[in-house]
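# A structural walkthrough
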There are 2 protein chains.
Amino acid sequence: MNDQALAELRARVQQELDQKTKPAGALGGIDALAMAVALAQETERPHGLPATALIFAADHGVSRDGVSAYPREVTAQMALNFVGGGAAVCTFARAAGADVQVYDVGVDCEAFNVEGIHAVKVARGTANIRTAPAMTESECASALEIGQQALVDAVNAGARVVAIGEMGIGNTTSASALLAALLSIPANEAVGPGTGVHGDALAGKVRAVEDALARLEGGESPRELLRQLGGLEIAAMVGVCLAAPEHRCVVVVDGFISSIAALYAVRIDPRVEKQLIWGHHSSEPGHALVLKAAHATPLLNLQLRLGEGSGAVLAFPLLNAACTMLREMATFGSAGVSDREAASTEGADEVAR
Amino acid sequence: MNDQALAELRARVQQELDQKTKPAGALGGIDALAMAVALAQETERPHGLPATALIFAADHGVSRDGVSAYPREVTAQMALNFVGGGAAVCTFARAAGADVQVYDVGVDCEAFNVEGIHAVKVARGTANIRTAPAMTESECASALEIGQQALVDAVNAGARVVAIGEMGIGNTTSASALLAALLSIPANEAVGPGTGVHGDALAGKVRAVEDALARLEGGESPRELLRQLGGLEIAAMVGVCLAAPEHRCVVVVDGFISSIAALYAVRIDPRVEKQLIWGHHSSEPGHALVLKAAHATPLLNLQLRLGEGSGAVLAFPLLNAACTMLREMATFGSAGVSDREAASTEGADEVAR
């Protein structure tokens, strides 16, 4: 849809919202959400369901340097927890009536032979970003392609909305490096506790990011920064976002790591921006910086810092509610309810009586 | 459940939450929500569904004085819109899989003869609070009883969670008077635009509240203030809250008017407090004062100011998600995921290698 057609769609949706049986603007963020989903799906009758959480798991070379409170093997263990339905995001998805798809894009283990895990491993984790580019050119391209295909598959299965989620011990370190490099800020502003590192371990995490940034020449494109500093799961999430405009699919963004992926996708292709709904405000400190850079206002603020798409999936029902409202809520005319203009006159009559 | 039993329940739920496959505290507000629902329902296996929105409609004598942007007859029109399924709260309830029950507790019209409206009219609106007590003693008692019975009926029909919502042209004026009287603050701090009054009309609304407050002797009980300044629909919502502890039912509070009712209920019976979940932060200015007085942190902040239970029903899916998480999420042990303690040791080994 070109800009002219989009502007016309926006005007029609706004007119519809203005005629709903409520004081103008009384639904604040829900009106805005309905509009955002309508523009992303390019329709006056948007839908919040079917919705699918796309979760990408991968390991990070830097996780061998003690940057996380959890051991590296948790990535593989959690991938199994996702397909077993026991992870937080799975319980939220069941509550929301949403689907979950799990991709091994780079877990450091033998290939999974488990129903429910998409076995598309590109490598057994990235190289350690302190000393080398995270991915080869070919690895980065493959991870992007996996994400793009994941979105296409979800859309072909009926999804109108997807969430992007991740699992990767060490990936807040990678995300912090991506943030610092993109915004040209110092490592210590971009690094936070992640799963819960403090004190010396936190200082070590800052040094890891500093080392990674020191390898850069400066002037790298977002795509090249992604290859240098990213993770396979982060590149896959970028891929999901890049495929969204063509398929008019909404991408609900999760927390810090997912948001970095979304921001990189927008920097690579600005058309991605209108496909994005920002699910929640994470308590990981760097997230606020990402949101500011993306001019994003998330739907929820529940002090979550779990990742795996959990906060995005928690926001799914708000999309469904907003879309149901836009499609089904009565107008002043259809419901025979007096609008404010009537109010001014009749109210005056009443007072005069 | 006595205090000792509740403390033990809290400890058991916290232990369960701490063993879930996530970094401690990573689910922030969702952990807290699961705990709150568990304590309200007095069970380790709480449920967010079935859920019912209880909506009470009534008119206000003061609405004849031009305090609202909408005419008085909108109350009756909107009651019909609720049972017709066209109001915002109805679309949100459908999206959330929740029920809606509509009560005419005091609309200024002939008795409704419409399937779906509980025809329990106490009076055709309140007296004008500027010049007289809003309700007689008998009217206030009847409205409270209607609310209590509405909760009992909802629970008997299966509800584990209810929302309280209202419709009543002029009821932000009544709620502002209740707020100013309870907190001993000036009328102009408690009054806001409501459905959208500004300028002279807003000044008139402040004067209406000042007139109402001037009638008081001082030292009235919350119950007497409710009778003097409240609305029939507000008293009914107080009744819902008062019945909640005995029936271990969660009450999700909506915006300004609903929150005033909840706060009065807590002041009348402190046991109500643990039954309440605060659904959203309204953009009506007085709401922030009510929330502060209630020590409440709402789940959502979406700049809503519609009432009718809309913000509370939007929060229903969060309760369902939190309860599903508590009941169904895997523990480190059940999922075979390494916990942080393992991490410290193995991580150290790894670094030492």
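On a predicted model such as this, the values are computed, not experimentally measured, just so you know.

This part is about the sheet that holds strand 5 (residues 250-253) of chain B. All names here are of chain B. Across the sheet, six strands lie side by side as 3-2-1-4-5-6; this open sheet has parallel pairing. With partners counted over all chains shown, the strands left at the sheet margins are strand 3 (117-119) and strand 6 (276-278), one partner each. This sheet shows a mean twist of 25 degrees between the axes of neighbouring strands, independent of strand direction. Relative to strand 2 (residues 99-106), strand 1 (residues 51-58) is paired through seven bridges, and the arrangement is parallel. Looking at the pairing, I55 lines up with V102 of strand 2. Across the face of the sheet, helix 5 (residues 137-156) comes into contact with strand 1, strand 2, strand 4 (161-167) and strand 5 while running at roughly 160 degrees to strand 1.

Another aspect to go through is the pairing of strand 4 (residues 161-167) of chain A. Regular strands have side chains that alternate between both faces of the sheet. All names here are of chain A. Among the seven residues in strand 4, seven count as buried, and that is most of the element. Neither face of strand 4 is left uncovered, since the one carrying V161, A163, G165 and M167 and the one carrying V162, I164 and E166 both have all their residues buried. Alignment of strand 1 (residues 51-58) against strand 4, held across seven bridges, turns out to be parallel. Bridge pairing links F56 to E166 in strand 4. Note that strand 4 and strand 5 (residues 250-253) share three bridges and pair parallel. Within strand 5, the position partnered with V161 by the bridge is V250.

Residue and element names in this part refer to chain B. Looking at where T172 falls in the secondary structure, it is placed in helix 6 (residues 171-183). The class of T172 is buried, set by a relative accessible area of 16%. When the C-alpha positions of T172 and V191 are compared, they lie 7.7 Å apart, and in sequence the two are 19 residues distant. When neighbours within four sequence positions are excluded, T172 is seen to be in contact with G194, K205, F256, I257 and E284. At 2.6 Å, the side chain of T172 forms a polar contact with the side chain of K205.

Right, let's talk about the packing of aromatic side chains for a bit. On inspection of all chains with the given rule, the structure shows four aromatic pairs over all chains. Relative to Y103 of chain A, the ring of F56 of chain A lies with its centre 5.0 Å away and its plane at 25 degrees, an arrangement referred to as stacked. Within this pair, whereas F56 of chain A is found in strand 1, its partner Y103 of chain A is found in strand 2 (residues 99-106), the two being separated by 47 residues in sequence. Exposure class is identical for F56 of chain A and Y103 of chain A. Each is buried. When the ring of F332 of chain A is compared with that of Y70 of chain B, the centres are 6.5 Å apart and the planes differ by 15 degrees; the resulting orientation is stacked. A residue pair is termed interchain when its members come from two chains, as with F332 of chain A in helix 14 (residues 332-335) and Y70 of chain B in the loop between strand 1 and helix 3 (74-84). Of the two residues, F332 of chain A and Y70 of chain B, neither departs from the other in class, the shared state being buried.

Attention now goes to the relation of the copies chain A and chain B. It takes a turn of 180 degrees to lay chain A on chain B, together with a shift of 0.0 Å along the axis; the resulting RMSD is 0.0 Å. Between the two chains, the operation in question is that of a two-fold axis.

Residues and elements named next belong to chain A. Helix length check: helix 10 (residues 232-243) (twelve residues) gives 17 Å between terminal C-alpha atoms against 16 Å at 1.5 Å per residue, within 8%. Of all twelve residues making up helix 10, twelve are buried, and the element is well covered by its neighbours. Looking only at helix 10, the buried set comprises L232, E233, I234, A235, A236, M237, V238, G239, V240, C241, L242 and A243.

As a further point, take the domain arrangement of chain A. Residues and elements named next belong to chain A. Domain annotation for chain A reports domain 1 (3-45 + 325-352) and domain 2 (51-321). Between the C-alpha centres of domain 1 and domain 2 there is a distance of 36 Å. Contact with domain 1, which involves eleven residues of that partner, is made by twelve residues of domain 2. Here domain 1 packs against domain 2, burying approximately 1000 Å² in sum over the two surfaces, 59% of which is carbon and sulfur. Considering only the surface of domain 1 that becomes buried against domain 2, L33, A40 and Q41 emerge as the three largest contributors, covering 52% of it.

Turning our attention to unusual backbone geometry. All names here are of chain A. The omega torsion across L49 and P50 is -5 degrees, close enough to zero to call that bond cis. Structurally, P50 is set in the loop between helix 2 (28-41) and strand 1. The residue S184 is not glycine, and still its phi comes out positive at about 55 degrees. Locating S184 in the fold gives a position in the loop between helix 6 (171-183) and helix 7 (187-190). The exposed category is assigned to S184, whose relative accessible area is 65%. The phi dihedral of H295 is positive, around 55 degrees, even though this residue is not glycine. Along the chain, H295 falls in the loop between helix 12 (285-293) and helix 13 (310-328).

The rules behind each value
Residues numbered from 1 in each chain as written. Chains lettered and ligands numbered in written order. Predicted model: local features only at pLDDT ≥ 70, side-chain atom pairs only at ≥ 80, totals over all residues. Heavy atoms only, no water. Pairing = 2+ DSSP bridges. Helix = DSSP H or I, 4+ residues; strand = E, 2+ residues; numbered from the N terminus. Axes fitted to C-alpha atoms, helices over the stretch in contact; angles between N-to-C directions. Contact = heavy atoms within 4.5 Å. Buried < 20%, exposed > 50% of the residue type's maximum accessible area, 1.4 Å probe, protein only. Polar contact = N/O pair within 3.5 Å; in protein donor to acceptor, adjacent residues only side chain to side chain. Phe/Tyr/Trp six-rings, centres within 6.5 Å; stacked < 30°, edge-to-face > 60°. Least-squares fit on C-alpha atoms with pLDDT ≥ 70 in both. Expected span 1.5 Å × (residues − 1). Domains from an automatic or database assignment. Buried area = accessible area lost by both parts, 1.4 Å probe.

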